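Notes for the structure review
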Amino acid sequence: MALVSMNKLMNHALNNNYAVGYFEAWNMESILAVVDAAEQTNSPVIIGFGGQFIGSKKRTIKENIYHYGYLGKAIAQQSKMPIALLLNESHEIDLLINGAKAGFNAIMYENHELTLQESIEINKYLVKTAHYIDVTVEAEIGKLPDADIATNTINGGQKTDIDEAVYFVDKTGIDALAVSVGNVHLMESGKAQLDFDLIRLLRKNIKVPLVLHGGTGISDEDLKEAVALGMCKVNVGTILKRAYISSIQQYLKQNDIENMDPHKIIGRGGESDMLCSARAAIAVEVTKFIKIIGCGNKAHLI
Ligand SMILES: [Zn+2]
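One structure accompanies this document, and this report is about it. Fair warning: this is a prediction, and the values are worked out from it, not measured in the lab.

About the thresholds
Residues numbered from 1 in each chain as written. Predicted model: local features only at pLDDT ≥ 70, side-chain atom pairs only at ≥ 80, totals over all residues. Heavy atoms only, no water. Helix = DSSP H or I, 4+ residues; strand = E, 2+ residues; numbered from the N terminus. Rg over C-alpha atoms; globule rule 2.2 N^0.38 Å. Contact = heavy atoms within 4.5 Å. Areas by Shrake-Rupley, 256 points an atom, 1.4 Å probe, with all protein chains shown as cover. Lys, Arg positive; Asp, Glu negative; His and termini not counted. Charge placed at Lys NZ, Arg CZ, Asp CG, Glu CD. Buried < 20%, exposed > 50% of the residue type's maximum accessible area, 1.4 Å probe, protein only. Arc of directions from axis to C-beta. Polar contact = N/O pair within 3.5 Å; in protein donor to acceptor, adjacent residues only side chain to side chain. Donors = N, O, S within 2.8 Å, 3.2 Å for Na, K, Ca; no water. Pairing = 2+ DSSP bridges. Right-handed = clockwise from strand over helix to strand, strands pointing away.

**Notes on the overall build of the protein**
Counting secondary structure elements, the protein contains 12 helices and 10 strands. Relative to a compact globule of 302 residues, whose C-alpha radius of gyration would be 19 Å, the protein shows 19 Å and is just as compact. Along the longest, intermediate and shortest principal axes, the C-alpha atoms of the protein span 65 × 40 × 40 Å. Sequence-distant contacts in the protein: of pairs separated by 6 or more residues, those separated by 24 or more amount to 71%. Total accessible area computed for the protein in this model is approximately 14,100 Å², and 51% of it derives from carbon and sulfur atoms. Computed over 29 positive and 35 negative side-chain charges, the separation of the two mean positions in the protein equals 4 Å.

Here is the structure:
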């Protein structure tokens, strides 16, 4: 099926009352694991990488966005599933533009330091540039709080204001709006309290697809309810990294690594391959979300 517009995937979901998942990867196994799960469930899917992570100034080795764009695009093109490729939440306009040139067919700018007017100007520019090359643009109004696992606290955040959101969508021409409706970034323990009345009002007033970030921190029932109310894209990241780390941790505990052939541990791809198990662990989590948000068995309809 190859690379398909994220706009097309979201609108199909919106018109058919399900949501398509964006499952954020960070390396080769993780992005392949998402496609494994999509293929096993005949599901459309959005793959991609986090711009804040790939473009972070704190990285000890600077990454080249073209590596990630070409890799993601090749993976999408080789799959039988309809797949969009998103460069999510970047503070850097340059990274997004280069990402689009490298093959990402969806981008999202994020910077909560800006005024509404500044945010409108930047997103207008991105929309104009991106639409010229058929790239979808997502943006956020309001701000999700962040969960901090070390202190077990939830910090910051501001719910989406409906009038501001309507004005922003109208002025920018963006394709999808991420909203802050009680969802929390990076949340693992405890579950976010979604504001369903706000979701209802947003769906009624906003003409573009709505996106729910922070999928890890939402209960299955609440996710289903949010999708039933019109959320047509759900972002999931944290739980995939947790599954990967836990799988490796368990492997290292259970095996006498120092007396094993390194090729058996990594690279050969057999049952004793640590990274194959970690990839499978990610796919299990992705499959669970696919079932909850209803995008399984929808690939052939697109
Ligand atoms: Zn997010």
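**Some remarks on helix α1 (residues 6-15)**
Within the span of α1, buried status applies to Met-6, Leu-9, Met-10, His-12 and Ala-13. Each buried residue of α1 sits inside an arc of 160 degrees when the element is viewed along its axis, so together they form one side. Between the side-chain oxygen at the start of α1 and the backbone nitrogen of Asn-7 there is a gap of 3.1 Å, and the oxygen is on Ser-5. Following α1 by one or two positions, Asn-17 has its phi on the positive side, about 60 degrees.

**Looking at the coordination of the zinc ion**
Taken together, Glu-89 (OE), His-185 (NE2) and His-213 (ND1) make up the protein donors of the zinc ion, found 2.0 to 2.1 Å from the metal. Site description for the zinc ion: donor spacing in sequence, E-x95-H-x27-H. Of this pair, Glu-89 sits in strand β3 (residues 83-90) while His-185 sits in the loop between β8 (176-179) and α8 (196-205); the two residues are 96 residues apart in sequence, bridging distant segments of the chain. We classify Glu-89 as buried; its relative accessible area is 10%.

**Here we look at the pairing of strand β10 (residues 231-236)**
In terms of residue burial, β10 counts as a mostly covered element, since 6 of its 6 residues are buried. Where strand β1 (residues 20-25) and β10 come together, 4 bridges link them in parallel fashion. Across the sheet, residue Gly-21 finds its bridge partner in β10, namely Val-234. Of the strand pairs in this sheet, strand β9 (residues 210-212) and β10 are connected by 3 bridges, and their pairing is parallel. The partner of Val-211 across the bridge, within β10, is Lys-233. Handedness of the β-α-β unit built from β9, helix α9 (residues 220-228) and β10 comes out right-handed.

In short, shape yes, function no, at least from these values alone.
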